[in-house]
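Examining the three-dimensional arrangement
What follows is the residue order along each chain.
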Amino acid sequence: HDSAKLLKTNESEAVPQPSEGYGKIIAKHYNALEEKGVQERSKSRIFYLRNFHNWIKSMLINEYLTKIKASKKHNAPVRVMDMGCGKGGDLLKWRKGNITHLICNDIAAVSLDQCKSRYVDMQNRNNRDRGNIYSIENIAADFTKVRLREKYKDPSMKLDLVSCQFAFHYGFESLLQAECAIHNAAECLQPGGFFIGTILDSNDLLARIRKAKSNAFGNGVFKVRFECDTYKPPLFGAKYHFNLDGVVDCPEFLIHFPTFTKLAKKHGLKLVRREKFYEFYQRMHVEGRQLMGNMKGLETYPPHSDSSLVGTEVDDYAHAEEFLKSDN
Ligand code: SAM
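Residues numbered from 1 in each chain as written. Predicted model: local features only at pLDDT ≥ 70, side-chain atom pairs only at ≥ 80, totals over all residues. Heavy atoms only, no water.

Quick word on the pattern of salt bridges
Rules: The term salt bridge refers to a pairing of a side-chain nitrogen on Lys or Arg with a carboxyl oxygen on Asp or Glu at a separation within 4 Å. Numbering of helices and strands runs from the N terminus; a helix is a DSSP stretch of H or I covering at least four residues, while a strand is a stretch of E covering at least two. Note on classification: 1.4 Å probe, protein chains only; a residue is buried when its accessible area is under 20% of the maximum for its type, exposed when over 50%, partly exposed between these limits.
Counted according to the given criterion, the structure contains 16 salt bridges. Between Asp 204 and Arg 208 there is a salt bridge; the shortest N-O distance is 2.3 Å. Linking Asp 204 with Arg 208, this pair stays in helix H7 (residues 202–212), spanning four residues, or about one helical turn. Asp 204 sits in the buried class, given a relative accessible area of 14%. Through salt bridges with shared partners, a single network forms among Glu 63, Arg 273, Glu 275 and Arg 283.

Structure representation (structure tokens):
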């Protein structure tokens, strides 16, 4: 008889993968999230972090809407799609940006319904003030699997801006899904239009997990548990579980940025700028001082939990070379 010695080498081998992918699990998580009022949210332990993220998104959206408007005739319509819009946390930002039309997309139908009600509340407030407000349409669909353009009320409509805030990392589950997500962002944009977004920094996550010398790191507020090889992460499906104070509790995937850039180029998108949040803050904090003053807790830039890791580039993605050189 042969004796068998089985050594468990990798945590990911022990985790069963759902055959249809993780979309349903992700949608279920976001659908189950309770809608909390402003009062309740201000008591949250991540109140300041959320404010900081909202400041980043406001400044980013404003920066690109300003560029778009500068290239158009006065009063020309500005059309936008928000991929992974959630409960509509950015609806007010679009109103301030004075856009004409918004396509709201999310995989979580319950979140999208909450987004619709928020929009109606905003519309009623606007009617009272006799202000103008943009029109919306909603698409409950997985942006990694469904061609969103076919769901538009007018599929021939061209957009000026596509925004995907804190959601694109769900798209890097597989090459096919990442391509579909990028295609969705690119195909409806008119020449000169922009795709903007915010994602987790994979280099930072990898640097932290290697420093932790285990498969997880975090603190009392967040936890990241890796479920893939962290020394040779796959380009797609590099899965980790992210928990943020009960608000996020989901599988997510690393985005290898050069791979993302290459796929985006294939779909006609040229990289204009990539910044880490602290770089964005450095560039925008003077311009955004007033807005920051209105948001509690942002008088000083939130400190990094481990500044020694900030800016660390993980450079051993040698296995990506082949993909990056390929015709894909
Ligand atoms: N963009 C919103 C914001 O900044 O407040 C919500 C961000 S939340 C962290 C991520 C959102 O992405 C969730 O609403 C989730 O349902 C959505 N999402 C995740 N995977 C998706 C997919 N494949 N297609 C469409 N939406 C997705």
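Quick look at the environment of Met 122
The test is simple: Here, residues are in contact when the closest pair of their heavy atoms is within 4.5 Å.
With respect to the secondary-structure elements, Met 122 resides in helix H5 (residues 109–128). C-alpha separation for the pair Met 122 and Leu 91, spaced 31 residues apart in sequence, amounts to 8.5 Å. Sequence-distant contacts of Met 122, that is, excluding residues within four places in its chain, are made with Leu 91, Leu 92, Arg 95, Ile 133 and Tyr 134.

A closer look at the nonpolar core
Convention followed: Each nonpolar core is a collection of buried residues, namely Ala, Val, Leu, Ile, Met, Phe, Trp, Tyr and Cys, held together in the definition by side-chain atoms within 4.5 Å.
Core analysis: the biggest nonpolar cluster contains 53 residues, and Met 81, Met 83, Tyr 152, Leu 159, Phe 168 and Phe 226 have the highest contact counts within it. Mapped onto this core, the elements with two or more residues apiece are strand S1 (79–83), strand S4 (159–165), helix H6 (175–187), H7, strand S7 (222–226), strand S8 (239–244), strand S9 (248–253) and helix H8 (257–266). The leading source of residues in this core is H6, at five residues. If we skip the residues at most four places from it in the chain, Leu 159 touches Arg 79, Val 80, Met 81, Ile 103, Tyr 152, Cys 188, Leu 189 and Gln 190. Ile 68, Leu 91, Trp 94 and Tyr 119 belong to the second-largest nonpolar core, a separate cluster that totals 31 residues.

Things to note about the environment of Arg 289
Among the structural elements, Arg 289 can be located in helix H10 (residues 289–294). As a C-alpha pair, Arg 289 and Trp 55 span 234 residues in sequence and 9.9 Å in three-dimensional space.

Things to note about the packing of H6 against H8
This is how the line gets drawn: Helix axes are fitted to C-alpha atoms over the stretch in contact, other axes to C-alpha atoms as well, and angles between N-to-C directions run from 0 to 180 degrees. By the definition adopted for this analysis, an angle is roughly parallel if under 35 degrees, roughly antiparallel if over 145, roughly perpendicular if from 65 to 115, and oblique otherwise. If you view the pair so one helix is near and one far, a crossing is left-handed when the near helix is turned anticlockwise from the far one by less than a right angle, and right-handed when it is turned clockwise. Here the term charged refers only to Asp, Glu, Lys and Arg, the term nonpolar to Ala, Val, Leu, Ile, Met, Phe, Trp, Tyr, Cys and Pro, and the term polar to all other amino acids, Gly among them.
Running from N to C, H6 and H8 cross one another at 55°; their axes reach a closest spacing of 10 Å. By the angle between their directions, the pair H6 and H8 is classed as oblique. In this structure, the crossing between H6 and H8 has a hand that is right-handed. Contacts between H6 and H8 pair Leu 175, Ala 178, Glu 179 and Ile 182 from the former with Phe 260, Leu 263, Ala 264 and Lys 266 from the latter. Each residue belonging to the contact of H6 with H8 can be placed in one class, and the counts come to six nonpolar, no polar and two charged.

A short note on the site of the ligand
Put simply, the rule is: Here a residue is considered near a molecule or strand provided that any single heavy atom belonging to it is located within 4 Å of it. Here a polar contact means two N or O atoms within 3.5 Å. Within protein one must be a hydrogen donor candidate and the other an acceptor candidate, and residues neighboring in sequence count only if both atoms are side-chain atoms. In these tables, accessible area is a Shrake-Rupley quantity obtained with a 1.4 Å probe, and a residue counts as shielded only by the protein chains included in the view.
Inspection of the region around the ligand gives 18 residues, with Lys 57, Gly 84, Asp 106, Asp 142 and Gln 165 positioned closest. Between Lys 57 and the ligand, the recorded distance is 2.7 Å, taken from a side-chain N or O atom to an oxygen atom. A distance of 2.9 Å is found between a nitrogen atom of the ligand and a backbone nitrogen or oxygen belonging to Phe 143. Expressed as a share of its isolated accessible area of 590 Å², the protein-covered part of the ligand is 89%. Contributions of two or more residues to the shell around the ligand are made by helix H1 (23–32) and strand S2 (101–106). Residues belonging to the shell around the ligand are distributed by class as follows: ten nonpolar, five polar and three charged.

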